[in-house]
Amino acid sequence: MKGISIIICCYNSAERLPKTLGHLANQLITNTLNWEVILVNNNSSDDTANLADSLWKSLGSPVSLKIVNEPNPGLSHAREKGMSVAKYEFFLWCDDDNWLCDNYVQTSFDVMETHPEIGALGGWCEAAFERDKPKWFDQQAHFFAVSKQGRVRGDITLKKGCLYGAGMVLRKSHWLQLKQQGFKHVLSDRIGKKLNSGGDTEYCFALRLLGYKMWFDERLYFKHFMDEGRLDLKYLSRLRKARTHSNFILWPYLDLLKKEPRSKRGLLKYAFKGGSYRFIRQLGAICIGSYEQKQVAIRYFMFQNYCLFNYKTYEKNLFKTRNWLDQKGVT
């Protein structure tokens, strides 16, 4: 059905929802656009559902708020639940800390309608801070999904190649196509306070394997709220380690996109790329380097470990991805 479904996944989101829902209630929508707001309550232990219901009613939006429960913890499960109950062809993933500009929903619909080749559409955001912005934040902002995802409006498939999940717009028909072919995530994404990540990137790579485009539009702007708990370097280090792990898990997707799956020998070759000089340099960075040098070194040693001792994981994920692709003869 033509229209757009906004999906908000929530885990203990009571404190973050007022501004998020307020910005959705203030959307400038034409009379002809059908839309809905779906809130997925993902095992919250606070009053997320009741607060959202009463708050939305007080905002006076003409659109009803549908609240559904997903007992299985994890962002991927919550998003799947939201998409399964959505009525309309376009999905908009709005995180519980995203404050969308007032034309975000209408512009998203118009762009997706105009460009049927789009698999995933994204915009850009700035951070809104609970306290003073840390001095290091601007350099590390992309790890928090705070960045522009393109320079000019249009196709970024062969540039950035993927989009972050916050504010991302997708098609129900593509989701149904993936399900029909047996697609299943190899990443779990966020679960509670665990910083597992990459489910949005995996979804983008899956769409690319089916031949669809990644698209950026600078008119899609929002603010991403940064609470105090995320504004320290220990949290950032955990976030970067989680991303490094996700990047390895998603290697089969990139290799299939390049049509160059790796052998065990190929992973071993990557592990020793740069030789002993690089190894010694990274070891030195761990001991006496700056914060950034240490983080780069940690990533280096994590990948060495994956390449040397985890080929079976790579092989298993390569097999799983090939298996659902082969259902329609894509590879």
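In this text the structure is predicted, and so the values were computed from the model without any measurement.

Enquirer: Quick question: what am I supposed to make of the pairing of strand β6 (residues 118-129) here?
Expert: Residues in a regular strand point their side chains to alternate faces of the sheet. Within β6, 9 of the 12 residues are buried, which leaves the element mostly enclosed by the surrounding structure. Summarising the sheet, β6 and strand β9 (residues 213-226) pair through 10 bridges and their orientation is parallel. Along β9, the bridge assignment pairs Ile-118 with Lys-213.

Enquirer: Explain a nonpolar patch on the surface to me, please; I cannot follow it from the model alone.
Expert: Taken together, Phe-279, Ile-280 and Leu-283 make up a surface patch of nonpolar side chains, about 280 Å² in accessible area. Along the polypeptide, Leu-283 turns up in helix α11 (residues 275-288). Given a relative accessible area of 42%, Leu-283 falls into the partly exposed group.

Enquirer: Would you take a moment to explain the packing of aromatic side chains for this structure?
Expert: Ring pairs (aromatic) are described by centroid distance and by the angle formed between their planes. Scanning the model with the defined rule gives 24 aromatic pairs in all. Look at Phe-248 and Tyr-306: their rings are 4.7 Å apart centre to centre, the planes differ by 15°, and that puts the pair in the stacked class. With a gap of 58 residues between them, Phe-248 in helix α8 (residues 233-249) and Tyr-306 in helix α12 (residues 291-309) connect regions that are remote in the sequence. When its relative accessible area of 10% is taken as the criterion, Tyr-306 is described as buried. Ring geometry for Trp-251 versus Tyr-270: centroids 5.0 Å apart, planes at 85°, classification edge-to-face. Placement of Trp-251 in helix α9 (residues 251-257) and of Tyr-270 in helix α10 (residues 264-271) is noted, with a sequence separation of 19 residues between them. By the ring-pair criterion, three or more aromatic residues cluster together here, those being Phe-129, Trp-136, Phe-137, Phe-144 and Tyr-235. Taking NZ or CZ as reference, Lys-148 lies 4.8 Å from the ring centre of Trp-124, over its face.

Enquirer: Even after reading the chapter, I still don't get unusual backbone geometry, so can you show me in this structure?
Expert: For residues other than glycine, phi is negative in most cases, and the peptide bonds are mostly trans. Despite not being glycine, Asn-12 shows a phi value in the positive range, around 50°. Here Asn-12 lies in the loop between β1 (4-10) and α1 (17-25). In this model, Asn-43 sits at a positive phi of 65°, which is unusual for a non-glycine residue. For Asn-43, a relative accessible area of 40% translates into the label partly exposed.

Enquirer: What should I look at first to understand the state of the cysteines in this one?
Expert: Disulfide: a covalent bond connecting the sulfur atoms of a pair of cysteines. Following the criterion strictly, the structure yields 0 disulfides and no others. Its sulfur unpaired, Cys-204 is 5.8 Å from the next cysteine sulfur, which belongs to Cys-162.

Enquirer: Quick question: what am I supposed to make of the pattern of salt bridges here?
Expert: Pairing between side chains of opposite charge can happen when their charged atoms approach one another. Tallied over the full model, the rule gives 16 salt bridges. The salt bridge partner of Lys-133 is Asp-138, with a shortest N-O separation of 3.1 Å. We classify Asp-138 as exposed; its relative accessible area is 55%. Close ionic contact of Asp-217 with Arg-153 constitutes a salt bridge, the shortest N to O distance being 3.6 Å. One end of the pair, Asp-217, is in strand β9; the other, Arg-153, is in the loop between α5 (137-140) and β7 (154-155), with 64 residues separating them in the sequence.

Enquirer: Sorry, what's going on with the side chain of Ser-246 here?
Expert: Residue placement: Ser-246 occurs in helix α8. By relative accessible area, Ser-246 is classed as buried at 3%. Residues in contact with Ser-246, not counting those within four places in the same chain, are Leu-187, Ser-197 and Gly-198.

Enquirer: What is the right way to look at the nonpolar core in this model?
Expert: Within soluble globular proteins, side chains that are nonpolar tend to cluster in buried spots. Ile-8, Leu-92, Phe-144, Tyr-253 and Trp-324 are the most contacted members of the largest nonpolar core, which totals 98 residues. Sequence-distant contacts of Phe-144, that is, excluding residues within four places in its chain, are made with Trp-136, Phe-137, His-224, Met-226, Arg-230, Tyr-235, Leu-236 and Leu-239.

Enquirer: Is there a simple way to think about the packing of helix α6 (residues 172-180) against helix α7 (residues 199-209) in this case?
Expert: Two packed helices can be described by the angle between their axes and the distance between those axes. Two elements in contact, α6 and α7, have axes separated by 11 Å at closest approach and are oriented at 85°. As the angle between them shows, α6 and α7 are arranged roughly perpendicular. On α7, the residues touching His-174, Trp-175 and Leu-178 of α6 are Tyr-203, Ala-206 and Leu-207. Grouping the constituent residues of the contact of α6 with α7 by class yields 5 nonpolar, 1 polar and no charged.

Enquirer: Mind showing me how you'd approach the packing of α10 against α12 here?
Expert: In the contact formed by α10 and α12, the axes pass within 8 Å of each other and the chain directions differ by 155°. Considering their axes alone, α10 and α12 lie roughly antiparallel with respect to each other. Of the two possible hands of crossing, α10 and α12 adopt the one that is left-handed. Only Tyr-300, Phe-303, Gln-304, Cys-307 and Leu-308 of α12 make contact with α10, whose side of the interface consists of Leu-267, Leu-268, Tyr-270 and Ala-271.

The rules behind each value
- Per chain, residue numbering runs from 1 following the sequence as it is written.
- A pLDDT threshold of at least 70 governs which residues receive local features in this predicted model, and a stricter bar of 80 or more applies before side-chain atom pairs are shown or counted, although totals over entire chains, interfaces and linings include all residues.
- Hydrogens and water are ignored here; the side-chain numbers use all heavy atoms of the structure.
- Relative accessibility under 20% of the residue-type maximum defines a buried residue, over 50% an exposed one, and the middle range a partly exposed one, all with a 1.4 Å probe and only protein chains included.
- Put simply, DSSP marks the helices as runs of H or I at least four residues long and the strands as runs of E at least two long, and each gets a number from the N terminus on.
- Strands are labelled as partners when DSSP assigns at least two bridges between them.
- In this analysis, a patch consists of residues with relative accessible area above 30% that form no salt bridge, clustered at 9 Å for like charges and at 5 Å for the nonpolar side chains Val, Leu, Ile, Met, Phe, Trp and Tyr.
- A 1.4 Å probe and the Shrake-Rupley method give the accessible areas. Residues count as covered only by the protein chains that appear here.
- One speaks of a salt bridge when a side-chain nitrogen belonging to Lys or Arg is within 4 Å of a carboxyl oxygen belonging to Asp or Glu.
- Any two of the Phe, Tyr and Trp rings considered here, Trp counted by its six-membered ring, make a pair once their centres fall within 6.5 Å; the pair's planes then place it as stacked at under 30 degrees, edge-to-face at over 60, or tilted in between.
- The rule for a charge over a ring is simple: NZ of Lys or CZ of Arg within 6 Å of the ring centre, and within 35 degrees of the ring normal.
- By definition, disulfides here are pairs of cysteine sulfur atoms that lie within 2.5 Å.
- The criterion used for residue contact is that any of the two residues' heavy atoms lie within 4.5 Å.
- Put simply, buried Ala, Val, Leu, Ile, Met, Phe, Trp, Tyr and Cys residues joined by side-chain atoms within 4.5 Å make one nonpolar core.
- To obtain each axis, a line is fitted to C-alpha atoms, and for helices this fit is confined to the stretch in contact; angles are then taken between N-to-C directions over 0 to 180 degrees.
- With respect to orientation, any angle under 35 degrees is reported as roughly parallel, any angle over 145 as roughly antiparallel, any angle of 65 to 115 as roughly perpendicular, and every other angle as oblique.
- Any residue outside Ala, Val, Leu, Ile, Met, Phe, Trp, Tyr, Cys, Pro, Asp, Glu, Lys and Arg is labelled polar, Gly included; the first ten of those are nonpolar and the last four are charged.
- In this scheme the handedness of a crossing depends on how the near helix is turned from the far one: anticlockwise by less than a right angle means left-handed, clockwise means right-handed.

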